[in-house]
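Summary of structural features
Listed below, chain by chain, are the residues.
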Amino acid sequence: MHRLNPFHRLLRWNPELGFWQRRSMIDLGYVMHTGHQGNKCPKNSCKPRRMVVVHANGVLTIPVLFCKCRRPARESQEAGGDPRSEEPTAADSTSGHEEALQLIDVGLYPASWDAPQTAFTQDALRALILMSLQGNVSAQDYYTFLKRRTNNVAPESIPV
């Protein structure tokens, strides 16, 4: 269930300390895979890239493994071509724009198009819009809020 909701906050009872400890999906070995309906790409044997993901409930660092299968140019897709063709094309690259498009496919909006390191969820962007319209909250204040929501004791430990 949580594989489909990697941004949920997990709590685990620690009987030795006597309280609930916050856990992340990364602590449990989660890796986000783009392409292949969330399963690992058979052509990717690289280590996952650690990306900062900004979600409405906080800022997370998640390992992401991008799909390395080749994508054809848009024209061949529209002509009914195989979306994971083996033929190299001008759009064939798993760096830069291709990675950004893969993030968009899984519902994350990259902060940059070239080798994205940070992405935003739709929930985070929607909350920013509502908070800025209703309460005149700036993007910087919203991010400060998310850092405190992630770790209120040491918000400076959250990536910028």
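Everything below is about the structure shown above.
Small disclaimer: the values here were computed from a predicted structure and weren't measured.

A few points about the pattern of salt bridges
Applying the stated rule across the entire model yields 3 salt bridges. Ionic pairing is found between arginine 23 and aspartate 27, a salt bridge with its closest N-O pair at 3.9 Å. Assessed through its relative accessible area of 46%, aspartate 27 is described here as partly exposed. Among the salt bridges present, the one from aspartate 123 reaches arginine 126, with a minimum N-O distance of 3.4 Å. With aspartate 123 and arginine 126 both in helix α3 (residues 122-135) and 3 residues apart, this pair spans about one turn of that helix. Aspartate 123 sits in the partly exposed class, given a relative accessible area of 38%. On the basis of relative accessibility, which here comes to 41%, the residue arginine 126 falls in the partly exposed class.

Observations concerning the pairing of strand β7 (residues 118-121)
Only one face of β7 is covered, namely the one carrying Ala119 and Thr121; the face carrying Thr118 and Phe120 has none of its residues buried. Where strand β6 (residues 108-110) lies against β7, 3 bridges are found, and the strand directions are antiparallel. Across the sheet, the residue bridging to tyrosine 109 is phenylalanine 120, located in β7.

Focus: the sheet that holds β7
Note: strands within a sheet are paired through backbone hydrogen bonds, in either parallel or antiparallel orientation. Spatial strand order, β3-β5-β4-β7-β6: 5 strands in an open sheet with mixed pairing. What marks the edges here is a single partner per strand, and that holds for β3 (32-33) and β6. In this structure, strand β4 (residues 49-55) lies alongside strand β5 (residues 58-65), joined through 7 bridges in antiparallel fashion. Bridge pairing links arginine 49 to valine 64 in β5. In the packing of α3 onto the sheet, contacts are made with β4, β6 and β7, and the angle to β7 comes to roughly 70°.

How each quantity is defined
- Residues numbered from 1 in each chain as written.
- Predicted model: local features only at pLDDT ≥ 70, side-chain atom pairs only at ≥ 80, totals over all residues.
- Heavy atoms only, no water.
- Salt bridge = Lys/Arg side-chain N within 4 Å of Asp/Glu carboxyl O.
- Buried < 20%, exposed > 50% of the residue type's maximum accessible area, 1.4 Å probe, protein only.
- Helix = DSSP H or I, 4+ residues; strand = E, 2+ residues; numbered from the N terminus.
- Pairing = 2+ DSSP bridges.
- Contact = heavy atoms within 4.5 Å.
- Axes fitted to C-alpha atoms, helices over the stretch in contact; angles between N-to-C directions.

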